[in-house]
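A structural walkthrough
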Amino acid sequence: MVQDLFGGSARPLVRVLLPVAVAEPYTYRVPEGMAPGLGSIVRVPLGPREVIGVVWAVDVATPVSPGRLKDLLHHYDQAPPLDDALRALIDWVANWTLASPGMVLRMVLRSEEALEPEAPVPGVRRIEAAPPPERLTAARKRVLDTMEDGFAWSKSGLAHAAGVSASVIDGLIAHEVLEVVQMPAVPPVPAPDPDWAPPTLTAAQQVAADRLVKAASGGFQTFLIDGVTGSGKTEVYFEAVAAALRAGRQALILIPEIALTSAFLERFERRFAARPAEWHSEISPKQRARVWRGVATGDVRVVVGARSALFLPFRELGLIVVDEEHDGAYKQDDRVPYNARDMAVVRGHLTGFPVILASATPSVESQVNAEAGRYQRLELPERALGANMPEIVAIDMRQDGPERGQWLAPTLRRAIAEALADGAQSLLFLNRRGYAPLTLCRSCGHRFQCPNCSTWLIEHRFRGQLACHHCGHVEPSPDHCPSCGGTDSLVPCGPGVERIAEEAGDLFPDARVLVLSSDLPGGAERMKREMKVIEEGGADIVVGTQLVAKGHNFPLMRLVGVVDADLGLANGDPRAAERTFQLLAQVTGRAGRISGQGHGMLQTYAPEHPVIRALARDDRAAFYRAEIAARRAAHLPPFGRMAALIISGQDKAAAAAHARALALCAPRDPALTVLGPAEAALALVRGRHRFRLLAMTPRATDLQGLLRAWLKQAPKPRGSVRLQVDVDPQSFL
DNA sequence: AGCACGCCGACT
DNA sequence: GTCGGCGTGCTC
């Protein structure tokens, strides 16, 4: 207690971080009888409303005039405080992403409900002293028989178990045979058993698993499990999870897609006899609160979740696994722009536990980190179960292309025919939805364009529509040209999956052809059904977009034909080659995954491109060598830093002035090249409200410092300014 | 006049 | 992030 000038006792002050986009924590008075410590979760007044926040510093001097100070409203003393390591992570991530710490805290405090203990569930129990009811009907007898064990039951659970309706139970309560009691809330998930079903591992898997198990009880270390499709990475890191559990620690497994969780959870259950807790954007508020609470108290031992699970308040986290670490879904682009893969490594470093990254096609960043010795590489070069990797060949479309208006090369057609003859499945992969990406008028040259965007409209023949894949605009398919009025003059240009399916149907009229594309009517349910149909051999030829690349195993798939392997290589994204390589490796890896009898064909006009050559020669190392050299030469990530300054708002003149300011400050650093102010200015002239500047420098600290200083001194434009830095932080740990 | 909307600054 | 205040412009 501090004596103030007037001899009265001044209340101690604390700084509270609020889930609000302000630069620093705010100061509040601690009222009598409240004793929050570092990390305590509190409720405070903020302007006209109340918000929750976390105590970031205690016993501080007031930075604002005492007259403005307000009192803490409440201390959530039932909720465990955020520990030092988690608070350090919040500050670290805020500093790294240039977001306000409050916005990072917001990702931690995702469930206000979780701060109060879970309300007990009302249940019913037999009143022991009470005799059976006078009229013991069959239904009533079933209820009492079910309750022989003497335990309390939930009403609905009891009704279900006894096969009666809830009114029978209400009747027994009214007759004072049963009483209503408060049952403690059920734990969110049962505890997993690390020794339930240990797998039989191959020699290579065993070597990797042994190293992980050894590291599991130790401090920070990052592993990269670099294993081909089907090599059994999951079994290997499950052993690390088991070791963490045995050591009394919690484990977190991050996976990229929500859509894949259910299959993954089942797999986990087979190994550990219990489902892990689930965490992603779709879970119900109640379950979210349960998992959050359970993670904080230690009742939940393993969480499987999407990137946001990284910010859960684990009590004794001892391992993070990042599965498919190369996946773009780990990046968040809005609010706090972070990559959960990198922040997982940061969390492991701050708390002191191992982190495992796993992929069949690791990101270039992780390959470089492994080469530099920052990550321990664990290689699984062969498929488990003795299956062979598919043989991949490139088809040079300049020499072996089909006739005009057709898209499947003769070599690929022969391979499909062979697969059909053997009763095996083929997958034709084309990452383009719809029938044709462009519709053209042959007589006047009119091209159908989106009224909102500057892109072409994609024909969807099954639906009879033209659609814009950027904004969702749709219009009915035209029967004449709106420009010259010509009928019969409209021609579709280029293929989409629908058109490939049509061609396959024409070539093989007896084959059952099935299209898999994310825009199929019927939603997730239909998709599940279709996947099952394929799995059970109900289709001969599957034509699919990107979604066939992930998750699902097709046991009968023998041939994978990539219709346009060059698609995606040409766009200006610095990661275009890497992404294409990863996608095509994943897709062709679907072939013969179970049978070991598979092959892939890549239709290409650029057979000498490093991506195509690496895939066709089954020489992944060659791809990474070429890509790493190219990145190094161009100062691209992970050697250069790529940042995007996004200025959004209505005031074009102010935003344009900012673009010029950045362009002007760039030459001060000879290593900094600013690409894009001209494009950005152009976008502004065209009336867009957003643009990007891409800036690159070999040293991230330079770029960050430069941009931060510039953001501080520059006049604030109307609208908002957001800075996004896309850089792998390993070199700063 | 009445209000819908967008912008902007404050929030301890 | 969220709120209230305020100016602008449109409608009853």
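Residues numbered from 1 in each chain as written. Chains lettered and ligands numbered in written order. Predicted model: local features only at pLDDT ≥ 70, side-chain atom pairs only at ≥ 80, totals over all residues. Heavy atoms only, no water.

Points about the sheet that holds strand β8 (residues 121–126)
Taken in spatial order, the 3 strands make up an open sheet running β9-β8-β10, and their pairing is antiparallel. The strands lining the two open edges of the sheet, one partner per strand, are β9 (153–154) and β10 (178–183). In this structure, β8 lies alongside β10, joined through 6 bridges in antiparallel fashion. Within β10, the position partnered with arginine 125 by the bridge is glutamate 179. The strands that helix α5 (residues 166–174) touches are β8 and β10; relative to β10, the one it contacts most, it runs at about 105°. (Pairing = 2+ DSSP bridges. Helix = DSSP H or I, 4+ residues; strand = E, 2+ residues; numbered from the N terminus. Contact = heavy atoms within 4.5 Å. Axes fitted to C-alpha atoms, helices over the stretch in contact; angles between N-to-C directions.)

Comments concerning the protein's contact with DNA strand C
Lining the immediate surroundings of DNA strand C are Val20, Ala21, Pro48, Arg49, Met103, Arg106 and Arg335. Expressed as a percentage, the sugar and phosphate content of the atoms of DNA strand C within 4 Å of the protein is 58%. Here a base nitrogen of DNA strand C and a side-chain polar atom of arginine 49 are 2.3 Å apart. Residue composition of the surface near DNA strand C, grouped by class: 4 nonpolar, no polar and 3 charged. (Near = heavy atom within 4 Å. Polar contact = N/O pair within 3.5 Å; in protein donor to acceptor, adjacent residues only side chain to side chain. Nonpolar A, V, L, I, M, F, W, Y, C, P; charged D, E, K, R; others polar.)

So, the packing of helix α16 (residues 576–588) against helix α18 (residues 620–633)
Packing of α16 against α18 leaves a shortest axis separation of 11 Å and a crossing angle of 165°. Here α16 is positioned roughly antiparallel relative to α18, judged by the angle of their axes. In this structure, the crossing between α16 and α18 has a hand that is left-handed. Contacts from Ala577, Glu578 and Phe581 in α16 reach Arg620, Phe623, Tyr624, Glu627 and Arg631 in α18. When its residues are assigned to classes, the contact of α16 with α18 shows 4 nonpolar, no polar and 4 charged. (Parallel < 35°, antiparallel > 145°, perpendicular 65-115°, else oblique. Left-handed = near helix turned anticlockwise from the far one by under 90°.)

Observations concerning the packing of aromatic side chains
Two measures describe an aromatic ring pair: the distance that separates the ring centres and the angle between the ring planes. Inspection of every chain in the model, using the stated rule, returns 9 aromatic pairs. With 5.2 Å between their ring centres and 90° between their planes, phenylalanine 311 and tyrosine 338 make a pair best called edge-to-face. Taken together, the positions of phenylalanine 311 in the loop between β14 (302–305) and β15 (317–323) and tyrosine 338 in the loop between β15 and α10 (340–351) put the pair 27 residues apart, joining distant regions of the chain. Neither phenylalanine 311 nor tyrosine 338 differs from the other in exposure class; each is buried. Ring geometry for phenylalanine 581 and phenylalanine 623: centres 4.1 Å apart, planes at 15°, overall stacked. Of this pair, phenylalanine 581 sits in helix α16 while phenylalanine 623 is found in helix α18, placing the two residues 42 residues apart along the sequence. On the basis of relative accessible area, phenylalanine 581 is assigned to the buried category, the value being 1%. Counting every residue linked through ring pairs, the aromatic cluster contains Tyr237, Phe238, Phe264, Phe268 and Phe272. Residue placement shows arginine 271 over the ring face of phenylalanine 272; its charged tip is 4.6 Å from the ring centre. Across from the ring centre of tryptophan 279, 5.0 Å away, lies the NZ or CZ of arginine 288, which sits over that ring. (Phe/Tyr/Trp six-rings, centres within 6.5 Å; stacked < 30°, edge-to-face > 60°. Buried < 20%, exposed > 50% of the residue type's maximum accessible area, 1.4 Å probe, protein only. Lys NZ or Arg CZ within 6 Å of the ring centre and 35° of its normal.)

Describing the UniProt feature "binding site: Zn(2+) 1" (unreviewed entry) in chain A
With numbering aligned to this structure, UniProt lists the feature "binding site: Zn(2+) 1" (unreviewed entry) at Cys441, Cys444, Cys481 and Cys484. The annotated residues occupy 44 residues of the chain but converge on a single region, no pair of C-alpha atoms lying more than 8.6 Å apart. Along the polypeptide, cysteine 481 turns up in the loop between β23 (474–476) and β24 (490–493). We classify cysteine 481 as buried; its relative accessible area is 0%. Once you skip the residues sitting within four places of it in the chain, cysteine 481 turns out to touch Cys441, Cys444, His446, Gly486, Ser489 and Leu490. Relative to the helices and strands, cysteine 484 is located in the loop between β23 and β24. In contact with cysteine 484, other than residues within four places in its own chain, are Cys441, Ser443 and Cys444. (UniProt positions renumbered as here; feature names shortened; annotations may be inferred.)

Remarks on the pattern of salt bridges
Under the definition given, this model contains 33 salt bridges. We note a salt bridge from glutamate 316 to arginine 315, for which the minimum N-O separation is 3.6 Å. Among the salt bridges present, the one from arginine 341 reaches aspartate 342, with a minimum N-O distance of 2.9 Å. (Salt bridge = Lys/Arg side-chain N within 4 Å of Asp/Glu carboxyl O.)

Observations regarding the environment of arginine 249
Tracing the backbone through its elements, the reader meets arginine 249 in the loop between α7 (233–246) and β12 (250–254). Given a relative accessible area of 21%, arginine 249 falls into the partly exposed group. For the pair arginine 249 and alanine 216, spaced 33 residues apart in sequence, the C-alpha to C-alpha distance is 9.3 Å. Arginine 249 has contacts with Ala216, Ser217, Gly218, Ala244, Arg301, Glu316, Gly318, Gly352 and Phe353, leaving out every residue within four places of it along the chain. Side-chain polar atoms of arginine 249 contact the backbone oxygen of glycine 218, separated by 3.5 Å.

Some points on the domain arrangement of chain A
How big an interface is tends to be stated in terms of accessible area lost as the parts join. With domains assigned, chain A is organised as domain 1 (13–109), domain 2 (121–183), domain 3 (206–288 + 298–380), domain 4 (391–437 + 494–630), domain 5 (438–492) and domain 6 (640–727). One C-alpha centre belongs to domain 1, the other to domain 3, and the line joining them spans 30 Å. Listed per partner, the contact involves 16 residues of domain 1 and 14 residues of domain 3. Interface area, domain 1 with domain 3, both sides summed: about 1,300 Å², of which 81% is carbon and sulfur. The interface formed by domain 1 and domain 3 includes 0 salt bridges. Summed over the shared surface of domain 1 and domain 3, the result is 0 residue pairs in polar contact (both at pLDDT 80 or more). Only α1 (84–97) and α2 (101–108) provide two or more residues apiece to the side of domain 1 that touches domain 3. (Domains from an automatic or database assignment. Buried area = accessible area lost by both parts, 1.4 Å probe.)

As for the nonpolar core
Membership of the largest hydrophobic core comes to 58 residues, with the highest contact counts inside it found for Leu254 and Val303. Viewed by domain, this core spans two of them, domain 1 (13–109) and domain 3 (206–288 + 298–380), each represented by three or more residues. Setting aside its immediate chain neighbours within four residues, leucine 254 contacts Gly305, Ala306, Arg307, Ala309, Leu310, Ile320, Val321, Val322, Asp323, Tyr330, Ala340 and Ala344. Leu516, Val548, Leu569 and Val587 belong to the second-largest nonpolar core, a separate cluster that totals 36 residues. (Core = buried A, V, L, I, M, F, W, Y, C linked by side-chain atoms within 4.5 Å.)

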